[in-house]
Amino acid sequence: GDERVGPTAVTEFATMLLERYDSDAWVRRLVDTRALTMVPAANALGYSNGVRTENLIDPNRDFSWDQRADRCMQTVAARSINEIWLRHVFQLSVTFHGGASLIAYPWGDTIHCNFQSYYCRSGWTAPDKTGMDMLVTSMAAYVGRFGNVDNYVTGALNDPDVIYPVNGGMEDWAYGGSWSRPGPVSCSTGGRYTGATTYGNVTHRAVNLLVETADAKTPDSSTLGGSADVFRAGGGSAGDGHVTRNVRLCLLLAEAVQPYVEIVSPNSLPTSISGGMNFTVTFRVGGAFTLDEAKVLCIPEGGGDSVCQASPVTAQALWSRGRRPDSFTLQVTVNLDVVGPAVVKLVVRAKVDQSWALNTREESYLGMPQSHLVRARTDGNWFGHVEQSIVQGQVWFSSDPVTLNVNRRRKLSTARKL
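Small disclaimer: the values here were computed from a predicted structure and weren't measured.

Participant: Could you give an account of the overall build of the protein chain, naming the residues involved and the relevant values?
Facilitator: Helix and strand counts for the protein chain stand at eight helices and 18 strands. Considering only C-alpha atoms, the protein chain reaches an extent of 100 × 45 × 40 Å along its principal axes. Classification of the 418 residues of the protein chain by burial places 49% in the buried group. Restricting the contact set of the protein chain to residue pairs at least 6 apart, pairs at least 24 apart contribute 75%. Taken as a whole, the protein chain presents about 18900 Å² of accessible surface, with 48% of it coming from carbon and sulfur. Charged side chains in the protein chain number 38 positive and 40 negative. The centres of these two groups are separated by 10 Å.

This is the structure in structure tokens:
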């Protein structure tokens, strides 16, 4: 309630999406292809009163995870978020706080912690660590710094170089509530919330990030920034600030929900092709952090093998420089030596972020990743469904197809008529 940057950043993010929808292609893509749920101030009472608590109870310790059964889901803030989670399948989420400067991911409880004084000595590694770590590292670079305010610290919540363990935290609850044991608690706070915190296998598998927005819970208004430079990757402009860079964080959070491929300037492609013809295809891969492979295919309208050849793009980092990925250009050769199809569909397909689930990742001893975010891009059989909310796994992601007509010609005969 008394941590002010987060609610302002969420409100400004929503405003920016509305105001720039018609003029900015990236914003329009995010609005059209993502289901975004925003709760600017879950602790509305605390926000109104300028205090941390809701009726003297801290919502930050009120979730049904690593908490006493009689001390969870007591606040309207926690119960409201619980109701939202019960009706959706979220891949990514973020909780904004204040009092430090960091972006952190699970684990952050006392269960996954070998204590040394107040802090953890070890034990905080989660099975989705590789993906979560790449995500927050890229976020910190994109969000950037300004003035005397440095880049966000990143890492696991229980890492003593990042922050400290808590009971009843939302981050682990949202991430592990559907699959991890121990951790979940069946609350006994009475009424509707006695037994309302036993979850199925789908709802609580979100990568939920903690963002401590600023060292001061209510920073001076001169450090909040403005909207003019919100798209400036890495920050650092005169108009940057605490709110500006966290609106930027929301942009990348929405971007990262699902990978996609888009052909740049599809109208510049040839409208018709013929055997031996060469042309270029420029494309961009978004919503991902490593491009494992991308290839161009020209699929005959009735099906069959591709009639185009192009060397694939492989092993490319996408967000490593703290800005939106560059586009890629491939030289394509048309392979049509015989009478071919009348029409082909040109698509670019990409495979991304496969290291997030490989057995060679650091935390592979913990088994396969468990979050929707990781499995939905590395496991084609992954599926989750709650009411109208669905997550479907796939490994290859395709651009919208571009229709190309084929100049057909007969195969030349090598026989001579005598």
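Participant: Kindly report on the sheet that holds strand E6 (residues 207-212), identifying the contributing residues and their values.
Facilitator: Taken together, the four strands give an open sheet; going across it, the order is E1-E6-E2-E5, and neighbouring strands pair in mixed fashion. Only two strands of the sheet have a single partner each, and these edge strands are strand E1 (92-97) and strand E5 (153-156). Averaged over all pairs of adjacent strands, the angle between strand axes in this sheet comes to 20°, irrespective of strand direction. The sheet contact formed by strand E2 (residues 102-105) and E6 spans three bridges and is antiparallel. Pairing of Ala-104 across the sheet is with Leu-210, part of E6. On top of the sheet, helix H7 (residues 242-255) reaches E1, E2 and E6; it is set at about 165° to E1, its chief contact.

Participant: Residue-level account of helix H4 (residues 76-86), with values.
Facilitator: The set of residues buried in H4 consists of Ala-77, Ala-78, Ile-81, Asn-82 and Trp-85. On an axial view of H4, the arc spanned by its buried residues comes to 130°, and they lie on one face. Buried residues along H4 sit in contact with E1, helix H6 (170-176) and E6.

Participant: Tell me what's going on with the pattern of salt bridges, and back it up with residues and numbers.
Facilitator: Two side chains bearing opposite charge may form a pair once their charged atoms approach each other closely. Applying the stated rule across the entire model yields 15 salt bridges. With a shortest N-O distance of 2.8 Å, Glu-83 and Arg-87 are connected by a salt bridge. Among the salt bridges present, the one from Asp-353 reaches Arg-377, with a minimum N-O distance of 2.7 Å. One end of the pair, Asp-353, is in the loop between strand E14 (343-352) and helix H8 (372-378); the other, Arg-377, is in helix H8, and 24 residues separate them in sequence. For Asp-353, a relative accessible area of 0% corresponds to the buried category. Under the relative-accessibility criterion, Arg-377 is labelled buried at 1%. Residues joined by salt bridges that share partners form a network here, namely Asp-2, Glu-3, Arg-52, Asp-58 and Lys-217.

Participant: How would you sum up the packing of aromatic side chains? Please name residues and give values.
Facilitator: By the definition in use, this model includes 14 aromatic pairs. For the ring pair Trp-65 and Trp-107, a centre distance of 5.6 Å and an interplane angle of 15° mean the geometry is stacked. Taken as a pair, Trp-65 in the loop between helix H3 (44-49) and H4 and Trp-107 in the loop between E2 and strand E3 (114-116) lie far apart in primary sequence, 42 residues in all. In this structure Trp-107 comes out as buried when scored by relative accessible area, which is 2%. The interplanar angle of 45° and the centroid separation of 5.7 Å between the aromatic rings of Trp-107 and Trp-179 together place this pair among those described as tilted. Here the residue Trp-107 occupies a position in the loop between E2 and E3, and Trp-179 occupies one in the loop between H6 and E6, the gap between them amounting to 72 residues. Among the aromatic residues, ring-to-ring pairing joins Phe-63, Trp-85, Phe-90, Trp-173 and Tyr-199 into one connected group. Here the basic side chain of Arg-4 rests over the ring of Tyr-47, its NZ or CZ set 4.0 Å away from the ring centre. The ring of Trp-26 carries the charged tip of Arg-324 above its face, separated from the ring centre by 4.2 Å.

Participant: Got a sec to walk through the state of the cysteines? Specific residues and values, please.
Facilitator: Tallied over the entire structure, the rule returns three disulfides. What pairs with Cys-72 in a disulfide is Cys-187, and their sulfur atoms sit 2.0 Å apart. Across the disulfide from Cys-72 to Cys-187, rotation about the S-S bond amounts to roughly -130°, and the bridge is consequently left-handed. Remark: Cys-187 occurs in the loop between H6 and E6 and Cys-72 occurs in the loop between H3 and H4; sequence separation between them is 115 residues.

Conventions and cut-offs
- Residues numbered from 1 in each chain as written.
- Predicted model: local features only at pLDDT ≥ 70, side-chain atom pairs only at ≥ 80, totals over all residues.
- Heavy atoms only, no water.
- Helix = DSSP H or I, 4+ residues; strand = E, 2+ residues; numbered from the N terminus.
- Buried < 20%, exposed > 50% of the residue type's maximum accessible area, 1.4 Å probe, protein only.
- Contact = heavy atoms within 4.5 Å.
- Areas by Shrake-Rupley, 256 points an atom, 1.4 Å probe, with all protein chains shown as cover.
- Lys, Arg positive; Asp, Glu negative; His and termini not counted.
- Charge placed at Lys NZ, Arg CZ, Asp CG, Glu CD.
- Pairing = 2+ DSSP bridges.
- Axes fitted to C-alpha atoms, helices over the stretch in contact; angles between N-to-C directions.
- Arc of directions from axis to C-beta.
- Salt bridge = Lys/Arg side-chain N within 4 Å of Asp/Glu carboxyl O.
- Phe/Tyr/Trp six-rings, centres within 6.5 Å; stacked < 30°, edge-to-face > 60°.
- Lys NZ or Arg CZ within 6 Å of the ring centre and 35° of its normal.
- Disulfide = S-S within 2.5 Å.

Note that every value here comes from positions in space, so none of it alone points to a role or purpose.
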